[in-house]
Amino acid sequence: MQINLSRPDITEKEVEAVCAVLCGTRLSLGPKVVEFEQAFAKYIGAKRAVAVNSGTSGLFLCMLALGIGPGDEVITTPFTFIASATTIMMAGAKPVFVDIDPVNLNIDATKIESRITEKTKAILPVEVFSNPSGLDKVCEIAAKHNLFVIEDSCEALGSALNGKKVGTLGTMSVFGFYPNKQITTGEGGMIVTNDDRLADICVSLRNQGRAKRCDYMEHERLGYNFRLSDINCALGIVQLSRIDEIKAKRRQVAKWYQEMLADDDRLLVPAEPNDCDMSWFVFVVRLTDGFTIEQRDQILHQMRNHNIEVSNYFQPVHLMPFMVEQFGYKPGDFPITESVSSSTIALPFYNNLTKDEVAIVCQTLKKVLGG
Ligand SMILES: Cc1ncc(COP(=O)(O)O)c(C=O)c1O
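Worth saying up front: this structure is predicted, and the values here are computed from it rather than measured.

## Observations regarding the pattern of salt bridges
Under the criterion given, the structure shown has 22 salt bridges. With a closest N to O distance of 3.1 Å, Arg221 and Glu220 form a salt bridge. Looking at Glu220, the relative accessible area reads 51%, which means it is exposed. Between Arg296 and Asp297 there is a salt bridge, with its nearest N and O atoms 2.9 Å apart.

Encoded structure:
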């Protein structure tokens, strides 16, 4: 039996909703896009939501809408999924990295100010593994220095910090709906903002630069096709309507892992900070200091040999070969990121993972660790 790293949770309701669109006349640019956007904005508590075909497209459009381009710098974390940094580069700007907090694994707000220059236009914090801890401090620094905040919330739909939902903290925020996320549209993303002007620019940019009220073949700016189809949106509408149930299921799976791994002092097990409500994107444990990266990789290998899918979320972004080549980063530049990266093991995690399967994963991990 194989235990997957992630799995979507699709019910009859999603299947019916998608089939209804397939049987209709509008597969794209139709009413399901508007319905999904409105439901999403309402859930987050934001004025506007703009559906796009991926989280990556969403982050890139935020850069363009905010006028970020060549000569500009955006401060972000090197401990994230690659798109947080590459979308800054796609816009022609430079990602400036700041090391992370060793506990919550998010950008360390106390280290940001020393990296702000005249070229800095925005800070792009990420709620890593759905943990929004410390984001309020990042926003305070941005406000003090008059910088935009592009919140990369791709991993954190449903999380909140001090009662404030993720997606409402930044100038603009972006969510992702790849199938390992809390909700999925197959592929997809959502830009969220309270600023009508920025939302309108994104609506135009995602649809070939068309203006709101222009003739269909008129284009007022250089745009893209980053549209999300009605088929995807129909799936997203039902998934979003199930978000509370989904969050509860994920919290239960996290609790089983916490209980079954609590007594193992070779592992650091993630916990929900007191000021956070976490929607649990993944369950990533860390090996304690006695382990080398080679030993961690060997553990991943052995887990896979036992048919348990695991991963090494994340490899340091600044050490990806193209980053080293373009910006000259080297090992040692962001030591906390590098040390955390060498110790992580992402365990199987999804809504319908059973208690028995969690037990198999935990027993296998303990066996592989040599206990
Ligand atoms: C933190 C973060 N940013 C951006 C993305 C990109 O989202 P997508 O895969 O939808 O382009 C992801 C997706 O995995 C992510 O985890």
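## Some words on the packing of helix α3 (residues 55–65) against helix α6 (residues 196–206)
Relative orientation of the contacting elements α3 and α6 amounts to 120°, with a least axis distance of 9 Å. Taken together, the axes of α3 and α6 lie oblique to each other. The hand of the α3/α6 crossing is right-handed. Two secondary-structure elements touch here, α3 through Leu61, Leu64 and Ala65 and α6 through Leu198, Ile201, Cys202, Leu205 and Arg206.

## Let's talk about the sheet that holds strand β12 (residues 283–287)
The three strands are arranged β10-β12-β13 in an open sheet whose pairing can be described as antiparallel. Strands at the two margins of the open sheet, each flanked by one partner only, are β10 (267–268) and β13 (344–347). Examined bridge by bridge, β10 and β12 share two bridges and lie antiparallel to one another. In the strand pairing of β12, Leu268 is matched with Arg286.

## Regarding the site of the ligand
Taken together, 14 residues are adjacent to the ligand, and Gly55, Thr56, Asp152, Glu155 and Lys181 come closest. Thr56 has a polar side-chain atom sitting 2.5 Å from an oxygen atom of the ligand. The separation between a nitrogen atom of the ligand and a polar side-chain atom of Asp152 is 2.7 Å. Here the ligand, which alone exposes 390 Å², has 92% of that area covered by the protein. At three residues, the largest contribution of residues to the shell around the ligand is made by α3. Residues belonging to the shell around the ligand are distributed by class as follows: five nonpolar, six polar and three charged.

## With respect to the sheet that holds strand β2 (residues 73–76)
Spatially, β1-β9-β8-β5-β4-β2-β3 is the arrangement adopted by the seven strands of the open sheet, whose pairing is mixed. In this open sheet, the two strands that pair with only one neighbour each are β1 (48–52) and β3 (94–97). The sheet shows a mean angle of 25° between the axes of neighbouring strands, taken without regard to direction. Examined bridge by bridge, strand β8 (residues 172–176) and strand β9 (residues 189–193) share five bridges and lie antiparallel to one another. Of the residues in β9, the one forming a bridge with Met172 is Thr193. Sitting on the sheet, α6 touches β1, β8 and β9, and the angle it makes with β1 is about 15°.

Rules behind the numbers
- Residues numbered from 1 in each chain as written.
- Predicted model: local features only at pLDDT ≥ 70, side-chain atom pairs only at ≥ 80, totals over all residues.
- Heavy atoms only, no water.
- Salt bridge = Lys/Arg side-chain N within 4 Å of Asp/Glu carboxyl O.
- Buried < 20%, exposed > 50% of the residue type's maximum accessible area, 1.4 Å probe, protein only.
- Axes fitted to C-alpha atoms, helices over the stretch in contact; angles between N-to-C directions.
- Helix = DSSP H or I, 4+ residues; strand = E, 2+ residues; numbered from the N terminus.
- Parallel < 35°, antiparallel > 145°, perpendicular 65-115°, else oblique.
- Left-handed = near helix turned anticlockwise from the far one by under 90°.
- Contact = heavy atoms within 4.5 Å.
- Pairing = 2+ DSSP bridges.
- Near = heavy atom within 4 Å.
- Polar contact = N/O pair within 3.5 Å; in protein donor to acceptor, adjacent residues only side chain to side chain.
- Areas by Shrake-Rupley, 256 points an atom, 1.4 Å probe, with all protein chains shown as cover.
- Nonpolar A, V, L, I, M, F, W, Y, C, P; charged D, E, K, R; others polar.

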